[in-house]
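Structural characterization, general
Given next are the chains, with one letter for each unit.
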Amino acid sequence: MEEIIIKPVIAKELLESLQTKVEEEKQVIVHCCFPASPFLGNLIRIWHSTYLFDNQSEHRSKLIHAENISISPYWTPVPFMQDFWFTLIFSGLPKDCKSFDLKEVIPEEGGFFVESIKRNSTDVYRVKISESY
(Lines give C-alpha, C1' and ligand atoms only; values in the text may rest on other atoms or scores of the structure.)
Protein backbone atom coordinates (compact mmCIF):
# COMPACT_ATOMS: atom_id res chain seq x y z
CA MET A 1 0.00 0.00 0.00
CA GLU A 2 1.33 3.40 -1.02
CA GLU A 3 1.76 6.07 1.65
CA ILE A 4 0.35 9.47 0.76
CA ILE A 5 2.30 12.44 2.06
CA ILE A 6 0.38 15.67 2.25
CA LYS A 7 2.43 18.81 1.69
CA PRO A 8 2.28 20.97 4.82
CA VAL A 9 1.07 24.56 4.73
CA ILE A 10 3.79 26.96 5.90
CA ALA A 11 2.79 30.32 7.32
CA LYS A 12 3.59 33.25 5.02
CA GLU A 13 5.44 35.06 7.83
CA LEU A 14 7.74 32.07 8.35
CA LEU A 15 8.51 31.82 4.62
CA GLU A 16 9.35 35.54 4.50
CA SER A 17 11.67 35.31 7.50
CA LEU A 18 13.43 32.28 5.97
CA GLN A 19 13.94 34.18 2.70
CA THR A 20 15.70 36.93 4.66
CA LYS A 21 18.01 34.31 6.21
CA VAL A 22 18.81 32.87 2.76
CA GLU A 23 19.75 36.33 1.46
CA GLU A 24 21.92 36.99 4.53
CA GLU A 25 23.82 33.74 3.98
CA LYS A 26 24.65 34.26 0.29
CA GLN A 27 28.28 33.57 -0.46
CA VAL A 28 30.65 35.04 -3.00
CA ILE A 29 32.85 32.69 -5.03
CA VAL A 30 36.05 34.04 -6.55
CA HIS A 31 38.06 31.86 -8.94
CA CYS A 32 41.57 33.30 -8.94
CA CYS A 33 44.34 32.95 -11.52
CA PHE A 34 47.93 33.44 -10.42
CA PRO A 35 49.66 34.03 -13.79
CA ALA A 36 52.38 31.73 -15.07
CA SER A 37 55.86 32.57 -13.85
CA PRO A 38 59.24 31.90 -15.50
CA PHE A 39 60.76 31.23 -12.07
CA LEU A 40 61.21 27.76 -10.60
CA GLY A 41 60.17 27.05 -7.03
CA ASN A 42 57.38 29.63 -6.67
CA LEU A 43 55.19 29.12 -3.62
CA ILE A 44 51.74 30.59 -2.94
CA ARG A 45 49.41 30.82 0.04
CA ILE A 46 46.42 32.81 1.26
CA TRP A 47 45.94 34.39 4.67
CA HIS A 48 42.72 34.21 6.72
CA SER A 49 42.89 38.00 6.70
CA THR A 50 41.78 38.18 3.06
CA TYR A 51 38.54 40.11 2.50
CA LEU A 52 36.20 41.55 -0.07
CA PHE A 53 35.84 45.28 0.61
CA ASP A 54 32.61 46.89 -0.63
CA ASN A 55 33.55 50.10 -2.50
CA GLN A 56 30.32 51.85 -1.45
CA SER A 57 30.34 51.11 2.30
CA GLU A 58 32.50 49.98 5.20
CA HIS A 59 31.39 46.35 4.74
CA ARG A 60 33.97 43.61 4.33
CA SER A 61 33.19 39.98 3.56
CA LYS A 62 35.24 37.35 5.39
CA LEU A 63 37.10 34.46 3.78
CA ILE A 64 35.16 31.29 4.63
CA HIS A 65 36.98 28.64 2.58
CA ALA A 66 39.93 28.27 0.20
CA GLU A 67 40.24 25.51 -2.39
CA ASN A 68 43.50 24.43 -4.12
CA ILE A 69 45.64 26.87 -2.10
CA SER A 70 47.20 26.58 1.35
CA ILE A 71 46.22 28.82 4.24
CA SER A 72 49.12 30.62 5.94
CA PRO A 73 51.50 29.48 7.45
CA TYR A 74 51.54 26.61 4.90
CA TRP A 75 52.58 26.96 1.24
CA THR A 76 51.44 25.49 -2.10
CA PRO A 77 53.99 24.99 -4.90
CA VAL A 78 53.14 26.74 -8.18
CA PRO A 79 53.77 24.74 -11.38
CA PHE A 80 56.55 26.16 -13.57
CA MET A 81 55.23 28.27 -16.50
CA GLN A 82 51.56 27.42 -15.88
CA ASP A 83 48.71 29.62 -14.71
CA PHE A 84 47.71 28.47 -11.22
CA TRP A 85 44.00 28.51 -10.33
CA PHE A 86 42.42 28.45 -6.87
CA THR A 87 39.01 29.30 -5.46
CA LEU A 88 38.08 31.51 -2.52
CA ILE A 89 34.65 31.57 -0.88
CA PHE A 90 33.59 34.64 1.08
CA SER A 91 30.60 35.66 3.18
CA GLY A 92 27.97 37.62 1.28
CA LEU A 93 28.18 41.22 0.13
CA PRO A 94 25.45 43.81 0.83
CA LYS A 95 22.57 43.89 -1.66
CA ASP A 96 23.42 47.39 -2.84
CA CYS A 97 27.14 46.67 -3.44
CA LYS A 98 28.10 47.60 -7.03
CA SER A 99 31.85 46.83 -6.91
CA PHE A 100 34.40 45.55 -4.45
CA ASP A 101 38.11 44.96 -3.91
CA LEU A 102 39.74 41.65 -3.03
CA LYS A 103 42.55 42.38 -0.61
CA GLU A 104 44.85 40.24 1.48
CA VAL A 105 45.56 42.24 4.66
CA ILE A 106 48.92 40.93 5.88
CA PRO A 107 51.86 42.16 7.97
CA GLU A 108 54.32 41.98 5.05
CA GLU A 109 54.67 43.11 1.43
CA GLY A 110 53.21 41.21 -1.49
CA GLY A 111 49.60 40.63 -0.44
CA PHE A 112 47.09 39.78 -3.17
CA PHE A 113 45.00 42.66 -4.46
CA VAL A 114 42.33 42.94 -7.15
CA GLU A 115 40.73 46.36 -7.41
CA SER A 116 37.17 47.34 -8.38
CA ILE A 117 35.63 43.98 -9.26
CA LYS A 118 32.25 44.77 -10.83
CA ARG A 119 29.40 42.99 -9.05
CA ASN A 120 27.26 40.56 -11.05
CA SER A 121 23.98 38.76 -10.35
CA THR A 122 25.58 35.34 -9.70
CA ASP A 123 28.29 36.46 -7.24
CA VAL A 124 30.73 34.12 -9.00
CA TYR A 125 33.87 35.78 -10.40
CA ARG A 126 37.08 34.98 -12.26
CA VAL A 127 39.99 37.31 -11.51
CA LYS A 128 43.69 37.56 -12.22
CA ILE A 129 45.69 38.03 -9.03
CA SER A 130 48.35 40.67 -8.67
CA GLU A 131 50.40 41.66 -5.66
CA SER A 132 49.86 44.90 -3.76
CA TYR A 133 52.83 47.02 -2.83
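Data block above holds the structure.
1. Describing the packing of aromatic side chains
Following the criterion strictly, the structure yields five aromatic pairs and no others. Chaining the aromatic ring pairs together yields one cluster made of F34, F84, F86 and F112. The ring of Y51 is capped by R60, whose NZ or CZ atom sits 4.2 Å from the centre of that ring.

2. So, the nonpolar core
V30, F86, L88, L102, F112 and I129 are the most contacted members of the largest nonpolar core, which has 25 residues in total. When contributions to this core are tallied by element, the ones reaching two or more residues are β1 (27–34), β4 (60–67), β6 (84–91), β7 (99–104), β8 (112–118) and β9 (124–128). With residues near it in sequence (within four places) discarded, L102 still touches V30, C32, T50, Y51, L52, L88, F90, F112, F113, V114, I117 and I129.

3. Regarding the pairing of β7
Counting buried positions along β7 yields five of six residues, so the element is predominantly enclosed. Pairing of strand β3 (residues 50–54) with β7 involves five bridges; the strand directions are antiparallel. Within the sheet, the bridge partner assigned to D54 lies in β7 and is F100.

4. Concerning a nonpolar patch on the surface
Where nonpolar side chains cluster on the molecular surface, the patch consists of L40, F80 and M81 and spans about 350 Å² of accessible area. The class for L40 is exposed, based on a relative accessible area of 69%.

5. Side note on the pattern of salt bridges
In total, this model carries two salt bridges according to the counting rule given. The closest approach of N and O atoms between R45 and E108, which form a salt bridge, is 3.8 Å. Remark: E108 occurs in the loop between β7 and β8 and R45 occurs in the loop between β2 (43–44) and β3; sequence separation between them is 63 residues. Relative accessible area serves as the criterion here: at 13%, R45 is assigned to the buried category.

6. What about the side chain of R45?
From its side chain, R45 meets the backbone oxygen of P73 in a polar contact 3.3 Å long. Once residues lying within four places of it in the same chain are set aside, the contact partners of R45 are I69, S70, S72, P73, Y74, W75, E104, E108 and F112.

7. Digging into the environment of F39
Turning to its location among the elements, F39 is positioned in the loop between β1 and β2. Taking the relative accessible area as the measure of exposure, F39 reaches 56% and is therefore exposed. Between the alpha carbons of F39 and P79 there is a distance of 9.6 Å; along the sequence they are 40 residues apart.

Analysis parameters
- Residue numbers run consecutively from 1 along every chain, following the written order of its sequence.
- Only residues with pLDDT of 70 or above have their local features reported here, since the model is predicted, and side-chain atom pairs are shown and tallied only from 80 upward, although totals for entire chains, interfaces and linings are computed over all residues.
- Side-chain measures were taken over the full set of non-hydrogen atoms in the model, leaving aside hydrogen atoms and water.
- Geometry of aromatic contacts follows a simple scheme: Phe, Tyr and Trp rings, the Trp one being its six-membered ring, pair when their centres are within 6.5 Å, and the pair is stacked under 30 degrees between planes, edge-to-face over 60, tilted otherwise.
- Comment: the charge-over-ring label is applied if NZ (Lys) or CZ (Arg) is within 6 Å of the ring centre and within 35 degrees of the ring normal.
- Definition of nonpolar core: a set of buried residues of the types Ala, Val, Leu, Ile, Met, Phe, Trp, Tyr and Cys, connected through side-chain atoms within 4.5 Å.
- For every residue, the accessible area obtained with a 1.4 Å probe (protein chains only) is divided by the maximum for its type, and the residue is called buried under 20%, exposed over 50%, and partly exposed between those limits.
- Each helix is a run of H or I in the DSSP string that is no shorter than four residues. Each strand is a run of E no shorter than two, and both are numbered from the N terminus.
- Note on definitions: a residue-residue contact is assigned when non-hydrogen atoms from the two residues lie within 4.5 Å.
- For two strands to count as paired, DSSP must find a minimum of two bridges between them.
- Like charges within 9 Å and nonpolar side chains (Val, Leu, Ile, Met, Phe, Trp, Tyr) within 5 Å are joined into patches, using only residues over 30% in relative accessible area that form no salt bridge.
- Where accessible areas are quoted, they stem from the Shrake-Rupley method and a 1.4 Å probe; at the residue level, only the protein chains shown are allowed to cover.
- For this document, the term salt bridge refers to a Lys or Arg side-chain nitrogen within 4 Å of an Asp or Glu carboxyl oxygen.
- Pairing of N or O atoms within 3.5 Å defines a polar contact, subject to two protein rules: one partner must be a possible hydrogen donor and the other a possible acceptor, and residues neighboring in sequence count only if both atoms are side-chain atoms.

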